[in-house]
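What follows is each chain in one-letter form.
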Amino acid sequence: MGKSNIYIETYGCQMNLADTELVLGILKKHGYDVTKQADEADVILLNTCSIRDNAEQRIYGRLGNFKTLKNIKPGLIVGVLGCMAERLRKDLIEDLPTGSQSGQAGKKIVDLVVGPDEYRRLPEFLDTAFNGEKGIGVKLSRTETYDDIIPFREDGLQAWLSVMRGCDKFCTFCVVPFTRGRERSRSLSSVVEEVKQLSERGFREVTLLGQNVNSYVDGQNDFADLLAACAQVSRKTRIRFTTSHPQDLSDKLLYTIAAHPNICNYIHLPVQSGSNRILELMNRTYTVEHYLSLIDKAKRIISGVSFSTDIISGFPTETDEDHAMTLDLMKRVRYDGAYMFKYSPREGTKAYKMKDDVVDEVKTKRLQEIIELQHQISYEINQSLIGKEEVILVEGFSRKSDQFLSGRTDTNKVVIIPAEGKIKEGNYVKVKINRATSGTLFGDFQEFYDPEEQLALTA
Ligand code: 5AD
Ligand code: SF4
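This is a predicted model, so every value here is computed, not measured. (Residues numbered from 1 in each chain as written. Chains lettered and ligands numbered in written order. Predicted model: local features only at pLDDT ≥ 70, side-chain atom pairs only at ≥ 80, totals over all residues. Heavy atoms only, no water.)

## Notes on the sheet that holds strand E2 (residues 33–34)
Each strand in a sheet pairs with its neighbour through backbone hydrogen bonds, running either in the same direction (parallel) or in the opposite one (antiparallel). The strand order E2-E1-E3-E4-E5-E6 describes an open sheet built from six strands, whose pairing is parallel. For this open sheet the edge positions go to E2 and strand E6 (135–137), each flanked by a neighbour on one side alone. Note: strand E4 (residues 77–82) against strand E5 (residues 112–114), three bridges, orientation parallel. Counterpart to Val80 in the pairing with E5 is Val113. (Pairing = 2+ DSSP bridges. Helix = DSSP H or I, 4+ residues; strand = E, 2+ residues; numbered from the N terminus.)

## Some remarks on the pattern of salt bridges
Under the defined criterion, the tally for this structure stands at 40 salt bridges. Residue Arg182 pairs with Asp168 through a salt bridge whose shortest N-O separation is 2.8 Å. With a gap of 14 residues between them, Arg182 in the loop between helix H6 (176–179) and strand E9 (184–185) and Asp168 in the loop between strand E8 (164–165) and H6 connect regions that are remote in the sequence. Note on Arg182: relative accessible area 22%, which makes it partly exposed. Among the residues examined, Asp168 registers a relative accessible area of 37% and is labelled partly exposed. (Salt bridge = Lys/Arg side-chain N within 4 Å of Asp/Glu carboxyl O. Buried < 20%, exposed > 50% of the residue type's maximum accessible area, 1.4 Å probe, protein only.)

## Some details on the domain arrangement of the protein
Under the domain assignment, the protein is made up of domain 1 (5–137), domain 2 (153–264), domain 3 (294–384) and domain 4 (389–458). Every contact between the two is made by nine residues of domain 3 and, on the other side, eight residues of domain 4. With both sides pooled, the region where domain 3 packs onto domain 4 buries about 630 Å², and carbon together with sulfur makes up 43% of that total. Joining domain 3 to domain 4, the criterion identifies one salt bridge. Between Lys413 and Asp336 there is a salt bridge, and its shortest N-O distance comes to 2.6 Å. In this assembly, domain 3 and domain 4 are joined by six residue pairs in polar contact (both at pLDDT 80 or more). With six residues, helix H13 (residues 360–383) is the largest single contributor of residues to the side of domain 3 that touches domain 4. Class assignment of the residues belonging to the side of domain 3 that touches domain 4 gives a composition of two nonpolar, six polar and one charged. (Domains from an automatic or database assignment. Contact = heavy atoms within 4.5 Å. Buried area = accessible area lost by both parts, 1.4 Å probe. Polar contact = N/O pair within 3.5 Å; in protein donor to acceptor, adjacent residues only side chain to side chain. Nonpolar A, V, L, I, M, F, W, Y, C, P; charged D, E, K, R; others polar.)

## With respect to the environment of Ile377
When you line up the elements, Ile377 lands in helix H13. Owing to a relative accessible area of 3%, Ile377 belongs among the buried residues under this scheme. Aside from chain neighbours lying at most four places away, what touches Ile377 is Met330, Lys331, Arg334 and Tyr335.

## Examining the packing of helix H7 (residues 188–200) against helix H8 (residues 223–231)
Between H7 and H8, the least distance of the axes is 9 Å, while the angle of their chain directions is 30°. Here H7 is positioned roughly parallel relative to H8, judged by the angle of their axes. Crossing handedness for the pair H7 and H8: right-handed. Judged by residue contacts, Leu188, Val191, Val192 and Val195 of H7 engage Asp225, Leu226, Ala229 and Cys230 from H8. Among the residues forming the contact of H7 with H8, the class breakdown is seven nonpolar, no polar and one charged. (Axes fitted to C-alpha atoms, helices over the stretch in contact; angles between N-to-C directions. Parallel < 35°, antiparallel > 145°, perpendicular 65-115°, else oblique. Left-handed = near helix turned anticlockwise from the far one by under 90°.)

## Some thoughts on the sheet that holds strand E13 (residues 238–242)
In spatial order, the strands read E7-E10-E13; together these three strands make up an open sheet with parallel pairing. Bordering the open sheet on either side are strand E7 (158–162) and E13, each of which pairs with just one other strand. Across the sheet, the axes of successive neighbouring strands diverge by a mean angle of 25°, strand direction being ignored. Pairing of E7 with strand E10 (residues 205–209), which is carried by five bridges, proceeds in the parallel orientation. Residue Gln158 lies in a different strand from E10, and its bridge partner there is Glu205. Sitting on the sheet, H7 is in contact with E7, E10 and E13, with an inclination near 165° to E7.

## A word on the packing of helix H12 (residues 320–333) against H13
As a packed pair, H12 and H13 sit with axes 10 Å apart at the nearest point and diverge in direction by 10°. Accordingly, the angle class assigned to the pair H12 and H13 is roughly parallel. Here H12 and H13 pass one another in a crossing that is right-handed. Note on element contacts: H13 touches H12 through Arg366, Glu369, Ile370, Leu373, Gln374 and Ile377, opposite Asp320, His323, Thr326, Leu327, Met330 and Lys331. Tallied by class, residues from the contact of H12 with H13 come to five nonpolar, three polar and four charged.

## Examining the side chain of Lys70
Relative to the elements of secondary structure, Lys70 occurs in helix H2 (residues 53–72). Its relative accessible area of 16% is what places Lys70 among the buried residues. A polar atom in the side chain of Lys70 sits 3.3 Å from the backbone oxygen of Leu76. Polar side-chain contacts of Lys70 include one of 3.2 Å to the backbone oxygen of Ile109. Setting aside chain neighbours within four positions, we find Lys70 in contact with Leu76, Val78, Ile109 and Asp111.

## Remarks on the layout of surface pockets
In this model, the second largest pocket occupies a volume close to 930 Å³. Those elements giving two or more residues to the lining of the second largest pocket turn out to be strand E16 (337–342), H13, strand E17 (389–397), strand E18 (404–408), strand E19 (414–418) and strand E21 (440–448). Split by domain, the lining of the second largest pocket shows at least three residues from each of two domains, domain 3 (294–384) and domain 4 (389–458). (1 Å grid on protein atoms, 1.4 Å probe; cavity = no way out; pocket = protein on both sides within 12 Å on 5 of 7 lines; lining within 4 Å. Points joined across faces, edges and corners; volume = space filled by probe spheres on them.)

## Some points on the pairing of E4
Most of E4 sits out of view: six of its six residues are buried. Alignment of strand E3 (residues 43–48) against E4, held across six bridges, turns out to be parallel. Each bridged residue has a counterpart across the sheet, and for Leu45 the counterpart in E4 is Gly79. Since E3 and E4 lie parallel, the crossover through H2 that links them has a hand, and here it is right-handed. (Right-handed = clockwise from strand over helix to strand, strands pointing away.)

## A short note on the site of ligand 2
By nearness alone, every residue bordering ligand 2 is listed as Cys167, Lys169, Phe170, Cys171, Phe173, Cys174, Val176, Pro177, Gln211, Asn212, His245 and Arg284. The residue makeup of the shell around ligand 2, split by class, is seven nonpolar, three polar and two charged. (Near = heavy atom within 4 Å.)

## Quick look at empty space enclosed by the protein
Under the defined criterion, the tally for this structure stands at one cavity of 30 Å³ or more. Elements supplying a minimum of two residues to the lining of the largest cavity: helix H1 (14–29) and E7. A per-class count over the lining of the largest cavity returns seven nonpolar, two polar and five charged. Counting contributing residues per domain, the lining of the largest cavity is built from domain 1 (5–137) and domain 2 (153–264), each supplying no fewer than three.

If you want it as structure tokens, here you go:
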């Protein structure tokens, strides 16, 4: 029997999804139970994101909702974990002079504030909160990797696996180095062991995570070594990874991706801007020319590789000309997908000291142009796949209907095919694409695909 019921919501990036599983692993070990119903919970935790202001505002709004629940159930503990806990610390508990209406409503009810490097002590902080005091743990660590902790994961096909934490890049717009601290990596052996266990449990896709995953280092082993070791665990288990920084995309890494059929041919490589002047102000440490040469090299080495990116519109001093250069770069790379954002000033960062001088209207207009262009490019790329064969990992029924199955290619594209009794979740199948939108491919089943046999043929 568990002590108390924990309900947790996760916001932000995949690192946070993985951290939530860590937190649940820690709490379950200490006798807590997990519930999916907020109104059944004794403890409500929000694992939060600070990357942009709108992420934080959403969480304040949500805290406001829980205030009602707390009125009905006075013993209820409400806790904030993650980047917002680290950034705002005691301010989340004490009164803050700033903040929106919903912000004010949220702040009064927080009993627990625990940052990303203090999850090991969560049971202790929860005891404090149950005793009627505030539980606060916001120290950042240079060594904490939670290497020995087994995350709590529901059964499934796809798993997140953090291999390093923190970020040392200090892009001038980004709050992450302040909320998640310095870079540190887990040991290669423990990561490989976890991939093994996942593979044996039936997981077919593992995504290695790090804010800067390709700067992973464990003694003599770099990220390419880690990828190769994970890929060798089982040919049936696909390995993905995110996020890569252009500075650390080595030739060795590209050759490693090319050499292992179960390492997906898909690289998320944030560019942020197509203007060298802006890239310099962002401290991104590369030029457009260098970035493009990396993309060319990757395309030469890894056949069929595809890319996605992150782009920010309206960074301080960005002119129409800088913006046009971003559009131009997008046309040259032709990304398969992109995550696109309006610049949001974050306190404590270098860019925060620059004037946020691109008015919101202009940021929005530029963002709209970026989104439309990406939409067009994705559409054209997907149209060009009509008539081609792709291998997909079947993930289950499509979201819209159980007459159809949904799967993804190794380049991360969603493919919908008609459901047939013989095709099961977790099967790899060859499909022929017959229709495409900018976000989805549609196809027909051709035959089953055996990744083990395929490798034997190509070995
Ligand atoms: N404003 C807007 N977007 C940001 N990102 C990071 N910080 C900010 C910010 N202050 C974006 C970057 C990064 C992605 C995770 O979020 O594009 O790659
Ligand atoms: Fe932030 Fe830059 Fe680090 Fe990414 S690489 S987490 S954008 S500082």
